[in-house]
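So you can see what is in the structure, the chains are spelled out below.
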2 protein chains.
Amino acid sequence: MKHPHIDREYDNELKELRQEIMVMAGEVKKMIARAVQSFISMDTSLANGVTALEYRVNQYEMDIDERCLSILARRQPMASDLRFITLGLKMVTDLERIGDEAVNICERVIDIGSHSLANFYPLISQMAEIAQSMIHDAITAFIEKDAKLAKKVVTRDDEVDALYVEVINKLVDYMVKENVKQGFNALSIAKVLERMADHGTNIAEQVIFMVKGKDIRHSGESS
Amino acid sequence: MKHPHIDREYDNELKELRQEIMVMAGEVKKMIARAVQSFISMDTSLANGVTALEYRVNQYEMDIDERCLSILARRQPMASDLRFITLGLKMVTDLERIGDEAVNICERVIDIGSHSLANFYPLISQMAEIAQSMIHDAITAFIEKDAKLAKKVVTRDDEVDALYVEVINKLVDYMVKENVKQGFNALSIAKVLERMADHGTNIAEQVIFMVKGKDIRHSGESS
């Protein structure tokens, strides 16, 4: 079927939208990486710096929202373009909140100060790595309309959940035996990472819906 | 300006969309109320029942998404209708996640079992009441395009945050002196309520944007 509005200008608008979303996603990934790094290196000044990135991410959210609305108002995107743009609208909200979560990590890091929680670095790092790669892959799946990659993201959520349960058990034990307040700080960081992975999963599920026009959300289907 | 597509059928579609969103919001509010009630009355069977409501809320999310896409594809909504529909798309995601959070409360309640945390009921109830009324008002503001009401919601977030800090301090103390595991359960419930209030605030900020076409998100403006 020929699309009534396809022209070079319209293609460019969609391309620019994709690019801006990728740039925003890159900033958010930077925020996560720095937040986790600040935890492991007990670097409160690095943690403070993440707030500067938050401002940029917020700007991107507003810009991309406007860009989507403008395309919807002026063009009449059909079928897959329409799903792409409306998902873009939802996705920037997820990305912005992932950025907020990174700031939450940093607030914990500042509260932890120079108290070492080295026993928990390996598990937390592993959670962070998976969460980051899930978010990365979810965005890539969105941009490239790759349902297969999106499905992989959805299955990885279980890995993060398993690590989360492991770290929670260790941390509750640490809170009982050693230090409630610092254990709680580390626990909050683990919780944030688990939620970031959830955001990645949410995005990926919606990408599958976008590509296949089929809603796997809430179906219990994961393969 | 006369809208090119205004006709009775289109009006009806928008009306039905509004109604379905209100019904979904009603279900979500029911989930919160029951989750908090199950905590205070230590009623694990009530907590288990909330899961049944989650299924319905998930169905509403998918239905409303489809309804919005269908309107966008067939009509060419302009200006305020466009903002209304795209915000509808974002908002059902918030509502669905608030429903998930209610389920999270119930999981904690089941873990708490018959352990009384009565000292924390007043503060937690108060948080829950404000969070519920914020979500109620945010949805009402959306349906009635009432920016003034939306602004009131945004200012209430501070009340919830203040209560949250108060309850956290008491709970950390309780964890140190009495019971880490149960204190942590109550703390998770408080955290969920605080996040529900955040969802309400997010919706309200977007409503102000929708009504005024002005983005107050991330501006630091709250009056």
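Our structure is the block above this text.
Just so it is clear, the structure is predicted and the values come from calculations on it, not from any experiment.

Q: Before we go on, may I ask you to explain the side chain of B:D94 in this structure?
A: Examined against the element boundaries, B:D94 turns out to sit in helix α3 (residues 79–112). Relative accessible area serves as the criterion here: at 2%, B:D94 is assigned to the buried category. One polar contact links B:D94 to B:H199, side chain to side chain, over a distance of 2.6 Å. Apart from the residues within four sequence positions on either side, B:D94 is in contact with A:R97, B:H199 and B:I203.

Q: Looking at this model, I keep getting lost on unusual backbone geometry. Mind explaining?
A: Residues other than glycine predominantly adopt negative phi, and peptide bonds predominantly adopt the trans conformation. One non-glycine residue, A:K145, lies in positive phi territory at about 50 degrees. Turning to its location among the elements, A:K145 is positioned in the loop between α4 (121–143) and α5 (147–177).

Q: What exactly am I supposed to notice about the nonpolar core here?
A: Nonpolar side chains in soluble globular proteins tend to be buried together. If you look at the biggest cluster of nonpolar residues, it comprises 164 residues, and the most contacted ones within it are A:M196 and B:M196. Each residue touching A:M196, except ones within four places of it in the same chain, is listed here: A:I32, A:I98, A:E101, A:A102, A:I105, A:A131 and A:I135.

Q: What is the right way to look at the packing of helix α2 (residues 44–74) of chain A against helix α3 (residues 79–112) of chain A in this model?
A: Helix-helix packing is characterised by the crossing angle of the two axes and by the distance between the axes. Residues and elements named next belong to chain A. Close contact between α2 and α3 brings their axes to 9 Å; oriented N to C, the two are set at 165 degrees. What the angle tells us is that α2 and α3 run roughly antiparallel. Crossing of α2 over α3 shows left-handed handedness. Considering only residue class, the contact of α2 with α3 consists of 15 nonpolar, four polar and five charged.

Q: Looking at this structure, how should I read the relation of the copies chain B and chain A?
A: Both copies of the chain are placed relative to one another by a rotation about an axis and a shift along it. Relative to chain A, chain B is turned by 180 degrees and slid 0.0 Å along the rotation axis, the superposed coordinates differing by an RMSD of 0.0 Å. Read as a symmetry element, the transformation amounts to a two-fold axis. Among all residues of chain B, the minimum C-alpha distance to the rotation axis is found for B:K90, at 2.8 Å. Interface overlap between copies: 100% of the residues of chain B at the interface are likewise at the interface in chain A, consistent with a symmetric, same-surface contact.

What counts as what
Residues numbered from 1 in each chain as written. Chains lettered and ligands numbered in written order. Predicted model: local features only at pLDDT ≥ 70, side-chain atom pairs only at ≥ 80, totals over all residues. Heavy atoms only, no water. Helix = DSSP H or I, 4+ residues; strand = E, 2+ residues; numbered from the N terminus. Buried < 20%, exposed > 50% of the residue type's maximum accessible area, 1.4 Å probe, protein only. Polar contact = N/O pair within 3.5 Å; in protein donor to acceptor, adjacent residues only side chain to side chain. Contact = heavy atoms within 4.5 Å. Core = buried A, V, L, I, M, F, W, Y, C linked by side-chain atoms within 4.5 Å. Axes fitted to C-alpha atoms, helices over the stretch in contact; angles between N-to-C directions. Parallel < 35°, antiparallel > 145°, perpendicular 65-115°, else oblique. Left-handed = near helix turned anticlockwise from the far one by under 90°. Nonpolar A, V, L, I, M, F, W, Y, C, P; charged D, E, K, R; others polar. Least-squares fit on C-alpha atoms with pLDDT ≥ 70 in both.

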